[in-house]
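Okay, here's what each chain looks like letter by letter:
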Amino acid sequence: AGSLAMELIFEEEGDIATVQVWAGRDHPERRWISVDGTSIGETQGFSSSIYGKQLLLAHLPMALDPEIRSTLNIGLGSASTLHALASYPTVQKLDVVEISGAVARGSRLFDESEVLSDPRVRLVVEDIAHYLLQETERYDLIISDGKLGNDFSGNAMMLCRDFYAYASRRLSGTGLFIQWIPLNHARDDFEIILRTFLESFPEVELFFEDPGSVFLVGSRSPISGRRDPDTEEFVTERVKRDLEYLRIPRVNALLTRWAASGAELRSVVGKGPIGTW
């Protein structure tokens, strides 16, 4: 947050995590929500890329496939990703699963939480593994935005073959799964993450956010070629504002963040260990 002075406006300690919401003392509209001291959602106005990542998790898959109608967000955070998804009138179902009731309550202090009153939205407070195993719903898009970092053992679940298998079974035939990956892992660990994702999804594309993170997109169907590159359909004013914040001139320009395909990644990481429970 740079030199921005912050004050605590929400804190709840539970059996899962300690959740806090902070607001700028002189700029109360600037807020972040943290879990065990790590920011999981922010508004505009901070030097970190978390807010931009939250937007890209919504807009990148919509740029890849305009036929997405049902979505599942894994993790609520500040509700920014869910809010961005809701700006597409063609999306008919917006489910979100958040393991922490405290996060769900803290998110209400963000303007973006207005999306929770959208009739298309269903918020479920539940562990995502349990949810994926017990539900039969099929989604055109699953967004995985769990808290990631080298200090959190929970990564073992969010980045493992078992979790991806559960999620894959909840995808429609052309469904997309998108995972944000920060690049603060050791090389061997990052190769395991890539190898595990590549084994879990037959079709994979990698996109970059900034020098510090990437997005992995997986599917059972080819990912490229789903969108007419000459069209800019259903671009709402909210989408335009988000793209302006990201310094992206139009929706299709998001696809210029492509970096590698599954075949190229497989040739780099080769055979070796994968992540499992």
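Cut-offs and rules
- Residues numbered from 1 in each chain as written.
- Predicted model: local features only at pLDDT ≥ 70, side-chain atom pairs only at ≥ 80, totals over all residues.
- Heavy atoms only, no water.
- Pairing = 2+ DSSP bridges.
- Helix = DSSP H or I, 4+ residues; strand = E, 2+ residues; numbered from the N terminus.
- Axes fitted to C-alpha atoms, helices over the stretch in contact; angles between N-to-C directions.
- Contact = heavy atoms within 4.5 Å.
- Parallel < 35°, antiparallel > 145°, perpendicular 65-115°, else oblique.
- Left-handed = near helix turned anticlockwise from the far one by under 90°.
- Nonpolar A, V, L, I, M, F, W, Y, C, P; charged D, E, K, R; others polar.
- Salt bridge = Lys/Arg side-chain N within 4 Å of Asp/Glu carboxyl O.
- Buried < 20%, exposed > 50% of the residue type's maximum accessible area, 1.4 Å probe, protein only.

Chemist: Lay out the sheet that holds strand 12 (residues 258-261) with the relevant residues and their values.
Modeler: Read from one edge of the open sheet, eight strands run 7-6-5-8-9-11-10-12, paired in mixed fashion. Whereas interior strands pair on both sides, the edge strands pair on one side only; in this sheet they are strand 7 (121-125) and strand 12. Each adjacent strand pair in this sheet contributes to an overall mean axis angle of 20°, direction not counted. Summarising the sheet, strand 8 (residues 139-144) and strand 9 (residues 171-182) pair through five bridges and their orientation is parallel. What sits directly across from Ile-142, in strand 9, is Phe-177. On the sheet, helix 9 (residues 262-269) packs against strand 10 (203-210) and strand 12 and is oriented at approximately 70° with respect to strand 12.

Chemist: With reference to specific residues and values, describe the sheet that holds strand 1 (residues 6-13).
Modeler: Pairing is antiparallel in the open sheet, where four strands are placed in the order 1-2-3-4. If you trace the sheet from one side to the other, it starts and ends with strand 1 and strand 4 (38-42), each paired once. Neighbour-to-neighbour, the strand axes of this sheet turn through a mean angle of 25°, independent of strand direction. Relative to strand 4, strand 3 (residues 31-35) runs antiparallel, the two being bridged by four bridges. Counted as the bridge partner of Ser-34 is Ser-39 from strand 4.

Chemist: Any chance you could break down the packing of helix 7 (residues 187-200) against helix 9 for me, citing the residues and the numbers?
Modeler: Contact geometry for helix 7 and helix 9: axes closest at 10 Å, N-to-C directions at 135°. In this view, helix 7 runs oblique relative to helix 9, as classed from their interaxial angle. As for the relative orientation of helix 7 and helix 9, their crossing is left-handed in sense. Note on element contacts: helix 9 touches helix 7 through Gly-262, Leu-265, Arg-266 and Val-269, opposite Glu-191, Leu-194, Arg-195 and Leu-198. Residue composition of the contact of helix 7 with helix 9, by class: four nonpolar, one polar and three charged.

Chemist: Explain the pattern of salt bridges residue by residue, including any values.
Modeler: A full pass over the atoms with the stated rule returns 13 salt bridges. Put simply, Glu-237 and Lys-240 hold a salt bridge, and the shortest N to O gap is 3.5 Å. Separated by three residues within a single helix, Glu-237 and Lys-240 lie in helix 8 (residues 237-245), roughly one turn from each other. For Glu-237, a relative accessible area of 51% puts it in the exposed group. Look at Lys-240 and you get partly exposed, because its relative accessible area is 38%. Asp-242 is the salt-bridge partner of Arg-238, the closest N and O atoms lying 2.9 Å from each other. One end of the pair, Arg-238, and the other, Asp-242, are both in helix 8, four residues apart, so they sit about a helical turn from each other. For the residue pair Arg-238 and Asp-242, the accessibility class agrees, reading buried in each case. Several salt bridges converge on common partners, so that one network encompasses Lys-93, Asp-95, Arg-122 and Glu-135.

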